[in-house]
Amino acid sequence: MRIVRDVAAVRAAVAGAGRIGLVPTMGAFHEGHLSLIRAARATCDLVVVWLFVNPTQFNDASDLVTYPRDEERDAALAAGCGADLLFAPTVDEVYPAGFATTVTVSGIADVLEGAHRPGHFAGVATVVAKMLNMVRPDVAFFGAKDAQQVAVVRRMVADLDLGVEIEVLPIVREADGLAMSSRNVRLGPEERRRATALHRGLEAARTAVTGGERDAGVLVRTVEDVLAAGAITAEYVAVVDPDSFAPVATITGRTLVALAARVGPVRLIDNLEVAP
């Protein structure tokens, strides 16, 4: 596997490569990232892994500073999963002097994560648009844990006619249900134990729907009760349409229950799809 740092090098490397798969990441790889790389390897002729901690999507400066970074480890893991290229540009390569363009997606990017993290999705949409233009893949692989991010990217790709397939893989979880996240390494032992309440709350909501509950308000309270038992207060628990992220009052079809909460110093997100 080669490591490249600039746009010219990555474009030269992918020229004439056949079906190109791109796996966008900010590093600190876990099994969720590796599942995306393996999926790309299984269906593409050339696999590019993007490794870039994007400063413009952090609205909390301390979160950017403490975000885990270990390029050497990540490179070894990516190579072990069959990646052909690790594209790890510098901040100056992505945002050169004079950079003055921002991509915004209205509506879907204004709620939940967008409301709690002002500017976050403008940073995401801009860097993803740049990344897709730099690499020019046929398909890009994302994880379902960042469900709203996926919805924003899909909207942007459709609206701007970017011509790339978006492939979404299921959330990869620890044995106790905690969604894998690069930020999990910052949880202390007690915080790690308490964090399992996020998934248990979502599962309680799904059980309620399976049992006949259709009122979104009841599902929100069900999740909040499980979180409270783990001494966790949610930033939000929302019941939304999985494509538009519009709020849902009554469960009539595919519906997403999404949440965000701080456990100690770490902000975690998770979601689960339910259906009657």
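Residues numbered from 1 in each chain as written. Predicted model: local features only at pLDDT ≥ 70, side-chain atom pairs only at ≥ 80, totals over all residues. Heavy atoms only, no water.

Description of the pattern of salt bridges
For side chains of opposite charge, pairing can occur when their charged atoms come near one another.
At step 1: Inspection of the entire model under this criterion finds 20 salt bridges.
At step 2: A salt bridge links arginine 183 to aspartate 63; the nearest nitrogen and oxygen atoms lie 2.9 Å apart. Of this pair, arginine 183 sits in the loop between β6 (165-169) and α9 (189-210) while aspartate 63 sits in helix α3 (residues 61-66); the two residues are 120 residues apart in sequence, bridging distant segments of the chain. There is no split in this pair, since arginine 183 and aspartate 63 are both buried.
At step 3: With its nearest N and O atoms 2.8 Å apart, the salt bridge here joins glutamate 113 to arginine 267. Note that glutamate 113 is positioned in helix α6 (residues 113-116) and arginine 267 in strand β9 (residues 266-274), a separation of 154 residues in sequence.
At step 4: Take glutamate 113: its relative accessible area is 5%, and that puts it in the buried class.
At step 5: In the salt-bridge network here, residues are joined through shared partners; they are Asp60, Glu113, Arg117, Glu235, Arg262 and Arg267. (Salt bridge = Lys/Arg side-chain N within 4 Å of Asp/Glu carboxyl O. Helix = DSSP H or I, 4+ residues; strand = E, 2+ residues; numbered from the N terminus. Buried < 20%, exposed > 50% of the residue type's maximum accessible area, 1.4 Å probe, protein only.)

Description of the packing of aromatic side chains
At step 1: Here the structure, examined in full by the defined rule, presents five aromatic pairs.
At step 2: Their ring planes at 50 degrees and their centres at 6.3 Å tell us that phenylalanine 52 and tyrosine 95 sit as a pair that is tilted. Residue phenylalanine 52 is located in the loop between β3 (46-51) and α3, and its partner tyrosine 95 is located in the loop between α5 (91-94) and α6; the two are separated by 43 residues in the primary sequence.
At step 3: Overall, the relative accessible area of 4% leaves phenylalanine 52 in the buried class.
At step 4: Judged by relative accessible area, which is 13%, tyrosine 95 ranks as buried.
At step 5: One aromatic cluster is present, formed by Trp50, Phe52, Phe87, Tyr95 and Phe99 through successive ring pairs. (Phe/Tyr/Trp six-rings, centres within 6.5 Å; stacked < 30°, edge-to-face > 60°.)

Some details on the packing of helix α1 (residues 7-14) against helix α7 (residues 120-135)
At step 1: Look at α1 against α7: their axes get within 8 Å of each other, and the N-to-C directions meet at 50 degrees. In terms of orientation, α1 and α7 fall into the oblique class. Where α1 approaches α7, its residues Val7, Val10, Arg11 and Val14 are matched on the opposing element by Asn133, Met134 and Val135.
At step 2: Within the contact of α1 with α7, the residues separate by chemical class into five nonpolar, one polar and one charged. (Axes fitted to C-alpha atoms, helices over the stretch in contact; angles between N-to-C directions. Parallel < 35°, antiparallel > 145°, perpendicular 65-115°, else oblique. Contact = heavy atoms within 4.5 Å. Nonpolar A, V, L, I, M, F, W, Y, C, P; charged D, E, K, R; others polar.)

So, the sheet that holds strand β7 (residues 234-240)
At step 1: Spatially, three strands are ordered β7-β8-β9 in an open sheet, and the strand pairing comes out antiparallel. Two strands close off the open sheet at either side, each with one partner strand: β7 and β9. The average undirected angle you get between the axes of adjacent strands in this sheet is 10 degrees.
At step 2: Sheet topology note: the strand β8 (residues 255-263)/β9 ladder contains nine bridges and is antiparallel. By the bridge assignment for β9, leucine 259 is matched with aspartate 270.
At step 3: This element, α9, spans β8 and β9 of the sheet and lies at about 20 degrees to β9. (Pairing = 2+ DSSP bridges.)

Focus on the packing of α7 against helix α8 (residues 147-159)
At step 1: The interhelical angle for the contact between α7 and α8, taken along N-to-C directions, is 55 degrees, at an axis separation of 10 Å. When the interaxial angle is binned, α7 and α8 end up oblique. Judged by the twist between their axes, the crossing of α7 over α8 is right-handed. Packed against α7, whose contacting residues are Phe121, Val124, Ala125, Val128, Ala129 and Leu132, the element α8 presents Gln148, Gln149, Val152, Val153, Met156 and Val157 at the interface.
At step 2: Residues belonging to the contact of α7 with α8 are distributed by class as follows: ten nonpolar, two polar and no charged. (Left-handed = near helix turned anticlockwise from the far one by under 90°.)

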